[in-house]
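Structural features, examined
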Amino acid sequence: MVKKTVIVMAMMIALVSPIFAQGGQEAAEADTVSVMFQGGEPEQAAVKAALERFQEESGITVEALYTPHGGYNQKLSGYINSGDMPDIIQLDAPYLSNYVWSGVVEPIADYISPSVIADMTESNKTQCTYPIDNELYAVSHQDSTIVLYANKAYLERVGARIPESPDDAWSIDEFEQVLSDLASLPEVMWPLDIMNAYGTRTEWGTFGFSPMFQSAGTGLIDRNNWKSEGVMNSKENITFAERLQGWAQNDWFVPASAGDNQFFNSDRAAAMAWCGHWLWPAAEQALGDDLVVLPLPDFGNGTVSPNGSWVWAITSKGKNKEGAAQLLEFILSDMDFYNDLKALNVFPGTKTFLSISDVYKDADKMAVAMEQAAKTAVSRPQHPAYPTITKSFAQAFDDIINGGVNPAKVLSNAAEEIDEDIKDNDGYPPFGE
Amino acid sequence: MTQNDKRFDRIKAAILICIGIIFISPLFLMIVSSLKDDRLQIMEDIGSIKAFWVSNPTLNNFVEILNPSSLQNFGMYFRNSVIILALTAIGTIVISSMAGYTLLRGRMKMHKILLPVIISLYIIPLEAIMLPLLYQSIKMGLIDTFVIQILPFIASPMYIFLFYQFMKQVPHSIGEAAFIEGASFWRVYKDIYLPINTSAIATVAILQGMDSWNQYFWPLLVTQSDRVRPISVAIASFSQVGTIYWDRLMAASVLMMLPVLIFFLIFQRFFIASIASSAVKG
Amino acid sequence: MTTIRKQKIQEVLMVSPALILLIIFLVVPFFVSISLSFTNQRLVQGPVAAKYIAFRNYAQILGDRHFWQAFYNVGRFTLFILPLQCGLALLFASMLNKQQVLKGFLRSMYFLPFITPMVIVTVIWKTMYQYPKGIFNYVLGIISGGMIQPVEWLGTAATAMPAIVILSAWQAYGFQMIIYLGGLKGIPDELYEASNIDGANKIQQFFHITWPGLRETNILILIITTIQALKLFTQVNILTQGGPNGSTNTLVHYIYDAGFVGQKIGYSSAASVLLFVIVVMIFLVQRRVVEGTPVRKTRRKS
């Protein structure tokens, strides 16, 4: 027994030795840029490849700190007090205001050349701007949107009208009728996949479904006086939420445990999918000519679509700001990078990127998504209380869809939580002043 | 044992094996799925008996997750977990045994007070201090390091007390004799008490090793970049976000299970004995 | 330097590493959580300073339906898992107790789930619970001859907690089984032999000898299971994040949600303090029960 224990200990120590070797490598600092990025594969593999190209061309060592999605936004803020803050962080655009307010990131315009900034699309620039001082605090190569993917064969069988632009999008009644008709087809198990599998209590909940409430009612919060009471739980929002809950209770939505592929797997059990631009390649490959891309329905006040994506910011505690800026300029103008992203159907955030993104220009493909983004995009609330706003809304949405809880009650709860948080922080000055 | 009893025993063994196979079938499922190449195939198969069968096994998933240039480098997560486990176990053994020994054989009066104080600390559930500890770790600038994944666990009231109890069984006279011959307090610990208590060391190594390997809540809070992320958190986050790559996820699970299984098969009796003693002594 | 003085120095040096670590990582956070619980401190300090807000956090938590739901869920988990886990453990322990053929192999086999890390258990069971096509729905379909519709195990408020209970019981019964094996060993063989002579059957033996003989073991298991339920987090966090409709939310997950996801460390600390109070209360009640009732001697059946 003793012998065995000794052997095991020796093995452990042998395995541990890399920890000490690793310590030495981190010494070089001046010519190193550390980048923290996140996300699902294979998109981030493209980022990694671009970082490697930059390293090769510039001679600056890149320390790539890859992090998966879960809890990314929460943990990032933990870095503020750590001496080890990366030079560049990738962050989710709606959280930007919170980071700026907390002093994590710096204005970026002085570091990045104007031509690179000018290349960014308007919606992209807006998501990177802090509304208080109208300064740019981040840059990005991408943006996002959500469209309604549909199986044309099913739509034709129920005789649904196929809208071609957000101007003639389905009305809420039309949408409800289509859902109900599709539900009656024997092959269709669920008329719509709202990607419950992504987790509706995550950012997907707010990104995916706050536009519904913007279109049908009053959105999440008053963007002038930053009060949620009476807005989140307005009469219009509650009426819509009750209708939405009815759809969920009819089993019209694919449940979370059925996975994210019911629209395009061999069963074709879901007739439509409410999903981001990223679904297109998989859906196209599986459905071929049966795939049709529709604008989001008009739930009352005209179609509203989401925007905003992951953006790059330079941290205020970073050690190598010039190197960081050089890196960002590089990836925002790297054609190889754009080509990699194009293959993944990333939504272009720069004019250069858009110029090579054929899918988004083809009327038979995703052109409607581009048109919709230009005409109907509304960003998520740009306010330092966003972490609470999104948490409360996503929770309420999840309760409405999956919990069958009284919509008026959960929306009021969410409003109360948000107002409470803003009050706790004295209104997040200078907001609300 | 009569002839009849033996036959009964054999029949019972056969029945137990049959039930046992059903009980450990989820583990077969994991291994079989890790040998399938396509995530959609796995999802398709899971709805039928095909879940337990693979027609053309491949090790591709393992090659992919262990490829150092892949985005999710499970080789590194595995290594991180090993580092954390080894340092936690060694640290716990050294620090807790020294404390247990001193509290038992020390001459200072304060030990008499310290012992019940330390034991009473056991009632604070780690889960109830983890969020405040996270706040504290952020203040100390220790987020996203190995240190913060190791230090909070190596002084544990449970293991200090466990060493205390094991060492109590060592006859006082042995230590006294050495002491009279001029050995120092430290030497008596190092040369007599520690070597004699290999079973306590093995128990703590196994219990703390399993704890550390399975650790999820705390590293979920304090790790951010992948250079310090343990394999448990990597697997969990791999299984939560959007599209789930079941093929590689199953391979990663096998990878995480493998060392546990190997250690268990080698030290079977010790595993079971340690765990039984953790219930009684803890 | 005198030997006594030298020894004292050594004693201090040997006990202080443990003391310092315990203070930094256990005692200080404990007091930090108490003091934070009276403030509206955020996890990461922003430009607005935290304020003393007296008992507002506590008032809010005690008025929050999600907190009470989490509390209720922990109780529900305990009630569900106790009979299942202990039943399995006791069943296998009594079958393995006198087993001679393949003794070691069988014990290891039944112990295997316990050494499987919880993260892996949840990953595997997540696939098995899949809807509509998953292994459980497949078996359900075969048994019922297609009569029972597939169940959305993790997605329905009614079944999500039982689903988590089943996988947790599967993972942990091996531990209980080992404790029961120890308990069974402690029951003298003579008792069974004597009752055999008296003509008692197996069932009578179980209720008159085995069950009373396992009294102390059962108390131990009750304590361990209750604490296990109070700390429930990993399974819930990976599989359901507390949903659907809070039906699987637990106290630890509530603390995590407030402090980590919501970044309100003051609020989260107040919930932590409440968790601590609950643990201490349960501990005291259990001690009273254990000490209050004398261990009944197993009686020979007359």
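Quantities reported herein were computed from a predicted structural model and do not represent experimental measurements.

This paragraph deals with the sheet that holds strand E1 (residues 32–38) of chain A. Residues and elements named next belong to chain A. Within the open sheet, the four strands sit side by side as E2-E1-E3-E11. Their pairing is mixed. If you trace the sheet from one side to the other, it starts and ends with strand E2 (61–67) and strand E11 (310–314), each paired once. The sheet shows a mean angle of 25° between the axes of neighbouring strands, taken without regard to direction. Pairing geometry for E1 and strand E3 (residues 88–92), over two bridges, is parallel. Bridge pairing links Met-36 to Ile-89 in E3.

Here we come to the interface of chain A and chain C. In many analyses, interface size is given as the accessible surface area lost on bringing the parts together. Contacts between the two partners involve 33 residues from chain A, matched on the other side by 28 residues from chain C. In this assembly, chain A packs against chain C so that about 2,600 Å² is buried in total across both faces, 50% of it on carbon and sulfur atoms. On inspection of chain A and its partner chain C, the count reaches seven salt bridges. Across the pair A:Asp267 and C:Lys133 runs a salt bridge, and its minimum N-O distance is 3.2 Å. Listing elements by their share of the side of chain A that touches chain C, those giving two or more residues are helix H4 (72–77), helix H5 (96–102), helix H17 (386–403) and helix H18 (407–424) of chain A. With six residues, H17(A) is the largest single contributor of residues to the side of chain A that touches chain C. Split into classes, the residues belonging to the side of chain A that touches chain C amount to 10 nonpolar, 12 polar and 11 charged.

All right, on to the interface of chain C and chain B then. Contacts between the two partners involve 89 residues from chain C and, on the opposite side, 96 residues from chain B. When the two sides are added together, the surface that chain C and chain B hide from each other amounts to roughly 8,100 Å², 80% of it contributed by carbon and sulfur. The three residues of chain C that bury the most area against chain B are C:Met14, C:Phe25 and C:Ile115, which together make up 9% of that side's buried surface. Connecting chain C to chain B are two salt bridges. Between C:Lys231 and B:Glu127 there is a salt bridge whose closest N-O contact spans 3.9 Å. At the boundary of chain C with chain B, the tally comes to 18 residue pairs in polar contact (both at pLDDT 80 or more). With 23 residues, helix H1 (residues 3–36) of chain C is the single largest residue contributor to the side of chain C that touches chain B.

What follows deals with unusual backbone geometry. In most cases, non-glycine residues show a negative phi, while peptide bonds are predominantly trans. For the bond running from A:Pro429 to A:Pro430, omega is 5°, close enough to zero to count as cis. Take A:Pro430: it is sitting in the segment after H18. With an omega of -5°, the peptide bond running from C:Tyr131 to C:Pro132 counts as cis. With respect to the helices and strands, C:Pro132 occurs in the loop between helix H5 (118–128) and helix H6 (135–143). Phi angles above zero are rare outside glycine, and A:Trp226 is one such case at about 50°. Among the structural elements, A:Trp226 can be located in the loop between helix H10 (203–216) and helix H11 (235–249). Positive phi, close to 50°, is recorded for A:Asp426, a residue that is not glycine. In this structure, A:Asp426 sits in the segment after H18.

Residue and element names in this part refer to chain A. When the domains of chain A are assigned, the result is domain 1 (34–139 + 308–376) and domain 2 (146–306 + 382–424). The C-alpha-based centres of domain 1 and domain 2 are spaced at 27 Å. On the side of domain 2, 24 residues touch domain 1, which itself brings 26 residues to the contact. Both faces considered, domain 1 and domain 2 share a buried interface measuring about 2,000 Å² in area, 61% of it formed by carbon and sulfur atoms. For the domain 1 face of the interface with domain 2, the top three residues by lost area are Val-368, Gln-372 and Thr-376, together amounting to 28%. Taken together, domain 1 and domain 2 are joined by one salt bridge. Here Lys-375 and Asp-167 are joined by a salt bridge, their closest N and O atoms 2.9 Å apart. Counting every contact that joins domain 1 to domain 2 gives nine residue pairs in polar contact (both at pLDDT 80 or more). The dominant element in the side of domain 1 that touches domain 2, judged by the number of residues it contributes, is helix H16 (residues 367–376), at seven residues. Residues of the side of domain 1 that touches domain 2, tallied by class, amount to 13 nonpolar, nine polar and four charged.

This part takes up the confidence of the model for chain C. Overall, the prediction assigns chain C a mean pLDDT of 87, with 95% of residues at 70 or greater. Contacts of residues 294–302 of chain C to residues separated by more than four positions or lying in other chains number 12 contacts, the stretch itself having pLDDT below 50.

So, about the pairing of E3(A). Residue and element names in this part refer to chain A. By the criterion of burial, E3 is predominantly enclosed, with five of the five residues buried. Residue alternation in E3 divides its side chains into two sets, Ile-88, Gln-90 and Asp-92 and Ile-89 and Leu-91, and both sets are buried. Bridge count between E3 and E11: five bridges; the pairing is antiparallel. Looking at E11, one finds that Gln-90 is bridged to Trp-312.

Time to look at helix H14 (residues 335–343) of chain A. Residue and element names in this part refer to chain A. Within H14 the residues assigned to the buried category are Phe-337, Tyr-338 and Leu-341. End-on view of H14: buried residues confined to an arc of 95°, all on one side of the axis. Contacts from the buried residues of H14 go to helix H3 (43–58), helix H13 (321–332) and helix H15 (351–356). Of the residues that open H14, the one with a side-chain oxygen 3.2 Å from the backbone nitrogen of Asp-336 is Asp-334. Immediately downstream of H14, the backbone of Asn-345 shows phi near 65°, a positive value.

Rules of the game
Residues numbered from 1 in each chain as written. Chains lettered and ligands numbered in written order. Predicted model: local features only at pLDDT ≥ 70, side-chain atom pairs only at ≥ 80, totals over all residues. Heavy atoms only, no water. Pairing = 2+ DSSP bridges. Helix = DSSP H or I, 4+ residues; strand = E, 2+ residues; numbered from the N terminus. Axes fitted to C-alpha atoms, helices over the stretch in contact; angles between N-to-C directions. Contact = heavy atoms within 4.5 Å. Buried area = accessible area lost by both parts, 1.4 Å probe. Salt bridge = Lys/Arg side-chain N within 4 Å of Asp/Glu carboxyl O. Nonpolar A, V, L, I, M, F, W, Y, C, P; charged D, E, K, R; others polar. Polar contact = N/O pair within 3.5 Å; in protein donor to acceptor, adjacent residues only side chain to side chain. Domains from an automatic or database assignment. pLDDT = per-residue confidence, 0-100. Buried < 20%, exposed > 50% of the residue type's maximum accessible area, 1.4 Å probe, protein only. Arc of directions from axis to C-beta.

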